[in-house]
Amino acid sequence: MEPNVRQVLFWVLVLHCGSAEGSILYRVQEEQPPNTLIGSLAADQGLPDSGHLYKLEVGAPYLRVDGKTGDIFTTEIPIDRETLRDCRTLVKGKPCYLEFEVSVTDLIQNQSPRLIEGRIEVQDINDNTPQFPSSVLTISVPENTIMGALFSIPLATDRDSERNGVADYALTAGPDAATLFGLQVADDRGGKLPQLIVLGNLDRELKDSYDLTIKAMDGGNPQRYSSALLRVVVTDANDNSPKFERSTYEAEVSENSPPGHSVLQVKANDSDMGSNGEIEYTLHQAVDPVSTLLRIDRSTGIIYVKGSLDREEISSLSFYVVARDKGPQPKSSKTFVTIEVTDQNDNAPVVEIRGIGLVTHSEGVANISEDMPVGTAVALVQVSDKDEGENAMVTCVVAGDVPFQLRPASDSSIDSKRKYFLQTTTPLDYERIRDYRVEIVAVDSGNPALSSQNSLKVQVTDVNDNSPIFSPTLFEVDFAEENQPGEKVLDVIASDADSGTNAELLYSIVADSSIKGLFEIDPNTGTVRARSPLDREHKERYEIRVTAADKGSPVHKGTATVVINVLDRNDNDPKFMLSGYSFSVLENMPPLSPVGMVTVLDVDKGENALIDLSVEPDGGKFVVQNGTGTILSSISFDREKESSYTFRLKAVDGGEPPRSSYVAVTINVLDENDNNPVVTKPSNSSFRRLSPLASPDSHVEIVEAEDLDSGPNAELVFSISGGNPYQLFRISPSSGEITLAKEMTRKHGGLHRLVVRVSDRGKPARHATALVHIYVNDTISNVSLVEALVGHSLYTPLERDIAGDPDYGFAAQRSNILFGSLAGVAGVVMLILVVVFIRHRIQRETKSGYQAGKKETKDLYAPKQAPKNAKGKRGRKGKPQKSPKPLGEDEEVSLQKSLKFNLDGVNDSPRIHLPLTYSPGSPDIGRHYRSNSPLPSIQLQAQSPSASQKHQAVQDLPAANTFVGTGGDDNSTGSDQYSDYSYKTSQMKYSNKQVRT
């Protein structure tokens, strides 16, 4: 159509609906998830991608359009091909379309919108399973049926399209029926027709029914299928089946035909006689809409109209008619019938008026400003007719003298559906005419012609060209927290230079999720109030935007910013960051060392947030620093004395009145390796007998120790650090068990001294040393000899190995005898010298005369003087003066015998063994080993602490013990039988040579 011709038609306001095929076509599979991209109008069609607004006019609720890009997406409501209104009655094989319309508005040039029409082909997916009309299907087969005869099986239906519809059938038969029946699937008008084939001779008297399984499968991927029981009933002989005169029947029927109107007659013949030749007609597997719209006379085969036929709803009906005789075992056949519903002009054109682009309609009213340019579209008009052909050709008219016209909205409209823009033709003047009533008339070309009309009220609005203005544009106010609901905050005022309704203002607060529900404004006065109590600790500064909108159209707005500073009140307690604190510190830390830090906050402000910390109860062991929250110790920790401390911290703020809170604090003292291991078993002076015939891995002894520390500092490791030159023994590092490592020989007999080192795993590690004596011999016949060897071992340097030397015991015994003799001689000599010396002193004092009041010098070992009245006479009655009892011969022998094992010769350096208790923590034994010295003289004093302390020695050994036992004992037993005595040595006056002489 030429442009000038079209312009003429616009002016006369008469348009004819032509036909054009849509140019935009998208394809999408049904049941796609939400937000699936179907197509992009801007990218695919070369449409603008900026400065334009895309709006979906038709296509909801299945589609949505991105307003900026024109991208078309699916929505939350899936597109189901089988339920779409325009696709439910489609003939199989025809595509299913979903129509859409999108308007494109130029936001920059403010032009009339452009309408884009398109279609989306909804492609089928295999989402439906074939279904038989019943779970049990029954077929009657006469027993005289010849082989090769075919019997129709009820069809399965599938709501999917042809490709995903029923594609094949399968028959499963048991052993007794597999040789009698088969399946043949024939193509019938694009569908699959299953037929039962008789393969053998049937005998009703032998078996009157067979159960088979029929399976229907579709052509989708993955394939769907369903099954039904096919029951074949063998009937008596019936020679002939009815036969239709035609294999197919076709007819037409006008829509709106009344019920009872005959459409066509089907005819079948049966050459049998009697009831076997009487025929009955039925609609085969009739479902909606066939069963609702049609019926058949069972005797004559005439098909009548049953329901209301509407071509716009159902345009074609296809179905089978079955002819069945009335024999005892009826036989049947079927034919295919197609009925086309023809159109009548029974639908008047429909005129729909709706908003387009940015112009919206409300209750049939459209508003347009008087300053809009000529050609502005105020509505989208769609004229449609459900009829077809000439009955759907529609003429459209805008009636009356109004400044509006219709312009085709799209070139792709079809005959029965055309779309137009209703647009202005002249400038509008609000002061002259404020509204128009626009009537649109549509007339079709049917005979007789049908028409309809619709109207739209267009209101012309005044131009509002001034916006409200706040002065000032920034308001700031201080407001105390914990206010009362509804308390006034401030007033804001704006002005508008327009007049009338364009100058009437409405105040509002711009929606903001952070202040939602906290403030409100009076829409008429601009008074801002707090709707609920404010909490400065939650937020201390609010910034809201206040809007003043006039009542013009379009609405103009002005905005201002209101800043509300929330003032603080002391309404919060100090709060510790944790509900309880637990710190771990090492022991032995110096006083005033930090042991932990707490964090306490007060969400108040200023003086209300100043916090003072204190310890409760204040036992003087801990102090806390204000400001940092650091806890200091006033003491040095000793885990072995106290392993944990518990107290509370109190936090008080500076508000009025002050608020406080408490928190529990636990100080756990961690172990430091400050204790040496202590060997508890065996004693250094004990021994264990071991048979020379003991086998390897035999248990010998176990060393037990303990450590007051904890953790790795108390984990002990045992090792042999000396005295094992032949590697005869080994010790378990963890348990301390000493076992024999290999077989012993004769040279291994005698005493073995193992130096065992017990170390902890601390860093640095601490250790203790123990001596383990093992006497290798069959028996212990001479306990004194073994005791002497052990005593000699205690004073032998640790670097010297004592490992069963056969000469070791003999030499020690001989040395002990020699030195015992020398000690006895030396003692006698010393005693004589002391007596002589004392007598010499007494004689000198006697010579010098008696001095009154002067005490006489007493000899510790001389007999005490008798009282003066006794005159020194012995044997006189009365209590005699006590004097030291001289050692008797038996006592001296006993003492020498008990000390014999310590007086045996060791490298010509005899030592006196003292049964002392030594500190187990001493790290060095060698420092207590004495060098060779002449044999001292011995004085025995009962319970002499001073004399005992002179020779008290500290060794890194457990308590030394003497031994009590018989010759058959294997172990030594500590008795400490000399604990009530101490020994005092006199200064040697003789050389070794003189003593020997």
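Structural data are supplied above this passage.
Definitions and cut-offs
Residues numbered from 1 in each chain as written. Predicted model: local features only at pLDDT ≥ 70, side-chain atom pairs only at ≥ 80, totals over all residues. Heavy atoms only, no water. Helix = DSSP H or I, 4+ residues; strand = E, 2+ residues; numbered from the N terminus. Buried < 20%, exposed > 50% of the residue type's maximum accessible area, 1.4 Å probe, protein only. Pairing = 2+ DSSP bridges. Axes fitted to C-alpha atoms, helices over the stretch in contact; angles between N-to-C directions. Disulfide = S-S within 2.5 Å. Contact = heavy atoms within 4.5 Å. Expected span 1.5 Å × (residues − 1). Salt bridge = Lys/Arg side-chain N within 4 Å of Asp/Glu carboxyl O.

S.K.: Hey, could you run me through unusual backbone geometry in this one?
M.R.: As a rule of thumb, non-glycine residues mostly have phi less than zero, and peptide bonds are mostly trans rather than cis. Omega for the bond connecting Ala60 with Pro61 falls within 30 degrees of zero, at 5°, which places this linkage in the cis form. Looking at where Pro61 falls in the secondary structure, it is placed in the loop between strand 4 (52-58) and strand 5 (63-65). Going from Ser471 to Pro472, the amide bond is cis rather than trans, its omega being 0°. Looking at the secondary structure, you find Pro472 in the loop between strand 34 (469-470) and strand 35 (474-480). If you check the backbone angles, Gln727 has positive phi at about 55° while not being a glycine. Along the chain, Gln727 turns up in the loop between strand 56 (716-722) and strand 57 (729-731). For Gln727, a relative accessible area of 51% puts it in the exposed group.

S.K.: Please explain the sheet that holds strand 8 (residues 114-123) as it appears in this structure.
M.R.: Across a sheet, paired strands are connected by hydrogen bonds in the backbone, their directions being either parallel or antiparallel. Spatially, the four strands line up as an open sheet ordered 2-8-7-4, and their pairing is mixed. This sheet does not close on itself; its edge strands, each paired only once, are strand 2 (25-29) and strand 4. Across the sheet, the mean angle from the axis of one strand to that of its neighbour is 30°, orientation sign disregarded. Bridge count for strand 2 against strand 8 is five bridges, and the pairing is parallel.

S.K.: Any chance you could explain the state of the cysteines here in plain terms?
M.R.: As used here, a disulfide is simply a covalent bond connecting the sulfur atoms of two cysteines. The tally for this structure, following the rule as stated, stands at one disulfide. Sulfur-sulfur distance for the disulfide between Cys87 and Cys96 comes to 1.7 Å. Across the disulfide from Cys87 to Cys96, rotation about the S-S bond amounts to roughly 80°, and the bridge is consequently right-handed. With a relative accessible area of 8%, Cys87 lands in the buried category. The exposure class assigned to Cys96 is buried, which follows from its relative accessible area of 1%.

S.K.: Hey, could you run me through the environment of Ser275 in this one?
M.R.: Looking at the element boundaries, Ser275 is found in the loop between strand 19 (268-269) and strand 20 (279-284). Among the residues examined, Ser275 registers a relative accessible area of 35% and is labelled partly exposed. Once the C-alpha coordinates of Ser275 and Pro328 are considered, the two residues, 53 residues apart in sequence, prove to be 8.1 Å apart. Excluding its chain neighbours within four sequence positions, the residues that come into contact with Ser275 are Asp325, Lys326, Gly327 and Pro328.

S.K.: Which parts of the structure should I look at to understand the pairing of strand 27 (residues 365-369)?
M.R.: Residues in a regular strand point their side chains to alternate faces of the sheet. Relative to strand 27, strand 26 (residues 361-362) runs antiparallel, the two being bridged by two bridges. Across the sheet, the residue bridging to His361 is Ala366, located in strand 27. What sits between strand 26 and strand 27 in their antiparallel hairpin is a turn of two residues, with Glu363 showing a positive phi close to 55°. Relative to strand 33 (residues 451-461), strand 27 runs parallel, the two being bridged by five bridges. Its bridge partner being in strand 33, Ala366 is matched across the sheet by Val458.

S.K.: I keep staring at helix 5 (residues 783-794) and nothing clicks. Help me out?
M.R.: Each α-helix turn comprises 3.6 residues. Residues three or four places apart therefore point the same way. Given a rise of 1.5 Å per residue, 12 residues ought to cover 16 Å, and the 17 Å separating the end C-alpha atoms of helix 5 matches this to within 8%. Of all the 12 residues making up helix 5, 10 are buried; the element is thus mostly covered by neighbouring parts of the structure. By the burial criterion, the buried members of helix 5 are Val783, Val786, Glu787, Ala788, Leu789, Val790, Gly791, His792, Ser793 and Leu794.

S.K.: How should the pattern of salt bridges be read in this particular structure?
M.R.: Pairs may arise between side chains of opposite charge once their charged atoms sit close together. In total, this model carries 27 salt bridges according to the counting rule given. A salt bridge links Arg298 to Glu280, with the shortest nitrogen-to-oxygen separation between them at 3.1 Å. One end of the pair, Arg298, is in the loop between strand 21 (294-296) and strand 22 (302-305); the other, Glu280, is in strand 20, with 18 residues separating them in the sequence. Glu280 gets classed as partly exposed once you look at its relative accessible area, which sits at 26%. Where salt bridges share partners, they join Arg536, Glu537, Glu540, Asp568 and Lys605 into one cluster.

S.K.: Sorry if this is basic, but what is going on with the sheet that holds strand 57 here?
M.R.: A sheet is described by the order of its strands in space; here three strands give the open sequence 54-58-57, paired in antiparallel fashion. At either end of the open sheet lies a strand with only one pairing partner, and these are strand 54 (699-702) and strand 57. Here the strands of the sheet are splayed against their neighbours by 25° on average, with no regard to which way each runs. Relative to strand 58 (residues 737-740), strand 57 runs antiparallel, the two being bridged by three bridges. Its bridge partner lying in strand 58, Arg730 is registered against Thr739.

That is the geometry; function is a separate question.
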